[in-house]
Amino acid sequence: MFEKSIKQLAASLVAGEFSAVELAGEYLKRAKAYNGELNAFITLDEDKTLAQAKAADATRAAGNAGLLTGIPLAHKDIFCQEGWLTTCGSKMLENFVSPYSAHVVELCEKAGLVTLGRTNMDEFAMGSSNENSFFGAVKNPWDKLAVPGGSSGGSAAAVAARLAPIATATDTGGSIRQPAAFCGVTGIKPTYGVVSRFGMVAFASSLDQGGPIGKSAEDCALLLNVMSGFDERDATSLDRPKEDYARELNQPLAGLKIGLPKEYFAEGLAADVAGAIDAAIAEYKKLGATIVEISLPNTRMAIPAYYVIAPAEASSNLSRFDGVRYGHRAAQYDGLTEMYEKSRAEGFGWEVKRRILTGAYVLSHGYYDAYYLQAQKIRRLLADDFQRGLTQCDVIAAPVAPTAAWNLGEKSDDPVAMYLADIYTLGVNLAGLPGISHPVGFAANGRPIGMQLIGNYFAEAKLLNAAHQYQQVTDWHTKAPAL
């Protein structure tokens, strides 16, 4: 059961091999059995889950079921969900029960998907290791001494450990692709605006984008079909025709041009990561793809540009958490100003405070032009680099991170070292492009390695097709950790 694809689980439900209630029950048992050691879930609520599963069974019995009716999934704890705790991994929202649901959650519930629980994450999605959660670090199921990646580490760990067949996630600077790579699963960050941000607690509004994490590209395509769509409540949601992201999965790759940016395969890339990607490229060649070298000359500027823009937007977005209407409020204070100060000082963790302070600084009088405006100009240069590169190829292949997952605590005292690990993922968010990570092997220490494919705007189906065809001739995506 736990190794079945989404389509296989759906077929079993149709055949009556088990009910949605039985399926959800088995996943709940597994989640409860292993969550204590992995810390992948912040919230599990058996009553709510089984009630949704019962409703899915009733829908199926009435003949109104869709493909994913009754399929369990986990939601990253950044998506508001009516009646569920929505904490964003923060003490600030430790007891916040959302009064409404995010558009993504609404779509999933409309499709009949059953919520297993809410997955752990870096606080307010700020981090690359999932060590910044108020609820404790998530452990990588392949090696519990390793980080699972962040900020969607809980979702990636849950899927890798077979605690959930599929999960929602978000990607602001690589937070779907990097944890997918570190945990040996597949994850896709869509084009900015394809998935509504309504009800997705904001970190950096011009960068945040929701997407799926699953065992395979096919599973991700099926969930993306549900998650995507126009939402008038989100000003950045794109009003365009609904797509079937699984439509090209079985297309052959003959003639596909894959670009390799020379800047991504230079100094700093670990030998075992480079070797696994070389082997994956060789498989793509066997499938009919051709390889061209391209250049993305402004790559080195992605980190400084991102770590000006994202904190600036975070400082604005997180100003709403002031202890007045909801969220943490200090127990003792003298006056309104001290209530703000103490509530925010107690409610936010160190990484969130660091980014708020950085953002406030770069937006302040006298520094806006010197930092924030310059970062936005660099953002345009990065987007132009990708557009020039994609005139020479159909998709771009690249590492997801310079190394496989590092040890828990290894980079906690050096935030700059942590930020440098995002070098290959940030540009995709700054340009608003889609990117997918899929597993391609293991490092010398046995930890998973992922490779990302980057496409032009709205090329999700092409990326999913390429990854799916690769997964038809390899078995990296089928491997599961021994728990």
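Preceding this section is the structure that the text describes.
It is worth spelling out the pairing of strand E8 (residues 290-294) at this point. As a general feature of sheets, a regular strand has side chains that alternate between the two faces. Sheet analysis places strand E7 (residues 257-261) next to E8, joined by 5 bridges and oriented parallel. The residue bridging glycine 259 from the neighbouring strand is valine 292, located in E8. Handedness of the E7-helix H8 (residues 271-286)-E8 crossover: right-handed.

Let's shift gears to the pairing of strand E10 (residues 435-442). The buried count for E10 comes to 7 of 8 residues, which makes it a mostly enclosed element. Bridge analysis of strand E5 (residues 186-189) against E10 gives 3 bridges, and the strand direction is antiparallel. Looking across to E10, one finds that lysine 189 is bridged to glycine 435. In this sheet, strand E11 (residues 448-454) lies alongside E10 in antiparallel orientation, the contact comprising 7 bridges. Bridged to isoleucine 436 within E11 is leucine 453. Hairpin remark: E10 followed by E11, antiparallel, with 5 residues in the connecting loop; positive phi at glycine 446, about 85°.

Before going further, it helps to examine unusual backbone geometry. Serine 151 follows glycine 150 through a cis peptide bond whose omega is 5°. Of note, cysteine 88 is a non-glycine position whose phi angle comes to about 55°, a positive value. Along the polypeptide, cysteine 88 turns up in the loop between strand E2 (72-76) and helix H4 (103-110). Take cysteine 88: its relative accessible area is 0%, and that puts it in the buried class.

Further remarks concern the environment of proline 261. By the secondary structure assignment, proline 261 is in strand E7. The spatial distance from the C-alpha of proline 261 to the C-alpha of methionine 126 is 27 Å, given a sequence separation of 135 residues.

Here we come to the pattern of salt bridges. Under the criterion given, the structure shown has 23 salt bridges. One salt bridge connects lysine 7 with glutamate 218, and the closest N-O pair in it is separated by 3.6 Å. Taken together, the residues span a long stretch of sequence, with lysine 7 in helix H1 (residues 6-15) and glutamate 218 in helix H7 (residues 217-227) at a distance of 211 residues. The salt bridge involving glutamate 338 is made with lysine 342; its shortest N-O contact spans 3.5 Å. You can see glutamate 338 and its partner lysine 342 sitting in helix H10 (residues 336-347), 4 residues apart, about one turn around the helix.

Tracing the backbone shows arginine 162 in the loop between helix H5 (153-160) and strand E4 (166-170). The class for arginine 162 is buried, based on a relative accessible area of 3%. Engagement of the side chain of arginine 162 in a polar contact is seen with the side chain of glutamate 3, the distance being 3.2 Å. Beyond its immediate chain neighbours, meaning those up to four positions away, arginine 162 contacts Phe2, Glu3, Tyr27, Arg30, Lys215, His477, Thr478, Lys479 and Ala480.

Here we come to the nonpolar core. Phe124, Ile258, Tyr284, Phe386, Met451, Leu453 and Leu464 are the most contacted members of the largest nonpolar core, which totals 139 residues. Broken down by element, the residue count for this core peaks at 10 residues, all from helix H9 (residues 302-317). Other than its neighbours up to four places away in sequence, leucine 464 contacts Ile188, Ala217, Cys220, Ala221, Leu224, Tyr245, Leu249 and Ile436. The next biggest cluster of nonpolar side chains, apart from the first, holds 10 residues, and it includes Ala146, Val147, Phe182 and Val400.

This part takes up H9. For H9, with 16 residues, the first-to-last C-alpha span of 22 Å sits near the 22 Å given by 1.5 Å per residue. With 14 of its 16 residues buried, H9 lies for the most part within the structure.

Cut-offs and rules
Residues numbered from 1 in each chain as written. Predicted model: local features only at pLDDT ≥ 70, side-chain atom pairs only at ≥ 80, totals over all residues. Heavy atoms only, no water. Pairing = 2+ DSSP bridges. Helix = DSSP H or I, 4+ residues; strand = E, 2+ residues; numbered from the N terminus. Right-handed = clockwise from strand over helix to strand, strands pointing away. Buried < 20%, exposed > 50% of the residue type's maximum accessible area, 1.4 Å probe, protein only. Salt bridge = Lys/Arg side-chain N within 4 Å of Asp/Glu carboxyl O. Polar contact = N/O pair within 3.5 Å; in protein donor to acceptor, adjacent residues only side chain to side chain. Contact = heavy atoms within 4.5 Å. Core = buried A, V, L, I, M, F, W, Y, C linked by side-chain atoms within 4.5 Å. Expected span 1.5 Å × (residues − 1).

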